[in-house]
Amino acid sequence: MAYKDLRSFLKLLAENNQLLRISEPVLPEPDIGAAASAANKGLGETAPALIFDNIKGYGKAQLAINVHGSWPNMALMMGLPKDTPPKAQFHEFCRRYQNFSKGVVEERKTAPWQEVQITENINLYELMPHFRLNPGDGGLYINKASVVSRHPDHPDERNVGMYRLQVKGPNRLSAQFVPEHDIALHFQAAERENKPLPIVIAVGNDPVLSIVASMPLLYGQYEFQMASALHEEPYPVVTLENGLQAPWGAEYILEGHVTPGVREPDGPYGEFTGHLSGLRNMVSVEITKVWHRKDPIYEYTSIGMPWTEIDYMFLNTCPPLYVQLKEKFPEIQAVNALYTHGLIVIVSTKTRVGGFGKAVGMSVLTTPHGLGYAKVVIVVDDFVDPFNLPQVMWAISTKVNPKYDTVVIPDLSVLALDPGSEPPGITHKMIIDATTPAPPEKHGEYSMQVLDPLEAKDWLPKLQALMKHA
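Every residue gets a number counted from 1 within its own chain, in the order that chain's sequence is written. Restriction of local features to residues with pLDDT of at least 70 applies here, the model being predicted, together with a cutoff of 80 or more for giving and counting side-chain atom pairs; totals for whole chains, interfaces and linings are based on all residues. Processing note: side-chain calculations cover all non-hydrogen atoms of the structure and skip hydrogens and water entirely.

**Student:** Residues and numbers for a nonpolar patch on the surface, please.
**Tutor:** On the surface, Trp 459, Leu 463 and Leu 466 cluster together into a nonpolar patch covering about 330 Å² of accessible area. Buried residues are those whose accessible area, probed at 1.4 Å on protein chains only, stays under 20% of the maximum for their type, while exposed residues exceed 50% and partly exposed ones sit between those limits. Here Leu 466 falls in the exposed class, since its relative accessible area comes to 58%. The patch calculation keeps residues exceeding 30% relative accessible area without a salt bridge and links them within 9 Å when they carry like charges or within 5 Å when they are nonpolar (Val, Leu, Ile, Met, Phe, Trp, Tyr). For accessible areas, the Shrake-Rupley method is used with a probe of radius 1.4 Å. Any residue's cover is judged against the shown protein chains and nothing else. Whenever a carboxyl oxygen of Asp or Glu lies within 4 Å of a side-chain nitrogen of Lys or Arg, that contact is scored as a salt bridge.

Right, dumping it as structure tokens:
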């Protein structure tokens, strides 16, 4: 990779015209959230990252947002040309994902974030340029942190996850741990013994770590090892006194613990569903030590009404589903779980026998991620690009006869944040089979489909080259 941390990745974005530095004075609210929304909604799939270095009330503080917020930025994160299309990024992501076992975690003695250490009078309000991103947010949040934990009784069971953290005091946070998350299992074990759970919170990380921290890996798969597989080189960490590993390239490291037996109100918060979450009781975190670089860059993610930065990050949901499905069905070609973190999943596949698309759809619902998401599964033919919505809509509009091709399964589990669930956490789920019927299944007439000229694939690189020099 051409970068080692957030700073060097921002430099790479700037070199590729994918970073805008905003030096005019801005208010934390509403300017930062408004600018991020304008970039996502107005500049579309090639939007740049934004960095603010003149935030009123915060001195020399720097804040980066939308670092992952476009397909060019995601391609550069993977070390690919910035014009690499989403489907090609997906296949490269899958290739590296399957090299997880080759990932190496490299121990280092020192890290850049050790420049400043604070153990007394910690004040997160002063250390970071906090703001409310969306109208209706019930407080100040750290929303792009990688949180490191391990099982108190099984030290080899480690995890790095991304969870929203509401700032509740100078050294206190609330945290949303979904029951299915690894850290929730770690905390449950600690709380049963009335012991605090040590954690490390890393803010301002290299972009690959943010991707793997929010990725639905299997329990026990260590995210630092996956980060190594995606980087295709050893991933550097520093072990702290509490025994947890911290990423070498972070801007801030917060050491602390989750307090047993304590819950406090958290929310509302503008979620990836495009709706505000309600007010819920969440676990409480105490921060006991802070490390940071001398001039740290605070990173935030754009989230809310799609599409925002986090929707591009959901590319990380596609490879696990693809690998898990392909183990059962070699016919699977690609999986698109970008839309609202996989509440809709689109799978392209070759068809083995009649009814095969419905079988694939049922399998999606039984994957670890599908259990809590995958409210609607759309299955299309192998020649349909699931990342190309015009092609997907064509398949649905011409291949689907609702009499034969839709299946509704009642009362399945879904994440409670889904505003359509009733009661929260329960929903009907639907499979839409938009594949061409295969024997012995027979309905419709599909023998006269129009095909693209075979030579089109040869003309595409010619046209792309001409556009670069136009």
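Further notes follow.
**Student:** An account of the pairing of strand 11 (residues 197-203) is requested, with residue identities and associated values reported.
**Tutor:** Each helix is a run of DSSP H or I of at least 4 residues and each strand a run of E of at least 2, with the numbering of both proceeding from the N terminus. Within strand 11, 6 of the 7 residues are buried, leaving the element largely enclosed by the surrounding structure. Here, any two strands with at least 2 DSSP bridges between them count as paired. Note that strand 7 (residues 145-150) and strand 11 share 4 bridges and pair antiparallel. Following the sheet pairing, Val 147 is matched in strand 11 by Ile 201. Examined bridge by bridge, strand 11 and strand 14 (residues 252-266) share 7 bridges and lie antiparallel to one another. Across the sheet, residue Pro 198 finds its bridge partner in strand 14, namely His 257.

**Student:** Can you explain the pattern of salt bridges? Please cite residues and give values.
**Tutor:** The tally for this structure, following the rule as stated, stands at 24 salt bridges. Measuring nitrogen to oxygen at the nearest pair gives 3.0 Å for the salt bridge that ties Lys 4 to Glu 233. One end of the pair, Lys 4, is in the segment before helix 1 (6-15); the other, Glu 233, is in the loop between helix 8 (223-231) and strand 12 (235-239), with 229 residues separating them in the sequence. A relative accessible area of 48% places Lys 4 in the partly exposed class. Linked through salt bridges whose partners overlap, the residues forming this network are Asp 5, Arg 7, Glu 251 and Arg 293.

**Student:** Quick one: what's the story with the packing of aromatic side chains, residue by residue and with numbers?
**Tutor:** Where two aromatic rings form a pair, the distance of their centres and the angle of their planes describe that pair. Side-chain rings of Phe, Tyr and Trp, where Trp is taken by its six-membered ring, are said to pair if the distance between their centres is within 6.5 Å; with planes under 30 degrees apart they count as stacked, over 60 as edge-to-face, and otherwise as tilted. Under the defined criterion, the tally for this structure stands at 16 aromatic pairs. When the centroid spacing of 5.6 Å and the interplanar angle of 75° are considered together, the rings of Trp 113 and Trp 291 count as edge-to-face. On the criterion of sequence distance, the pair formed by Trp 113 in the loop between strand 4 (105-107) and strand 5 (116-118) and Trp 291 in strand 15 (residues 280-292) is long-range, its members being 178 residues apart. Pairing Trp 307 with Tyr 312 gives two aromatic rings, centres 5.0 Å apart and planes at 90°, and the pair type is edge-to-face. What makes Tyr 312 buried here is its relative accessible area of 3%. Through successive ring pairs, a cluster of aromatic residues spans Trp 71, Trp 307, Tyr 312 and Tyr 339.

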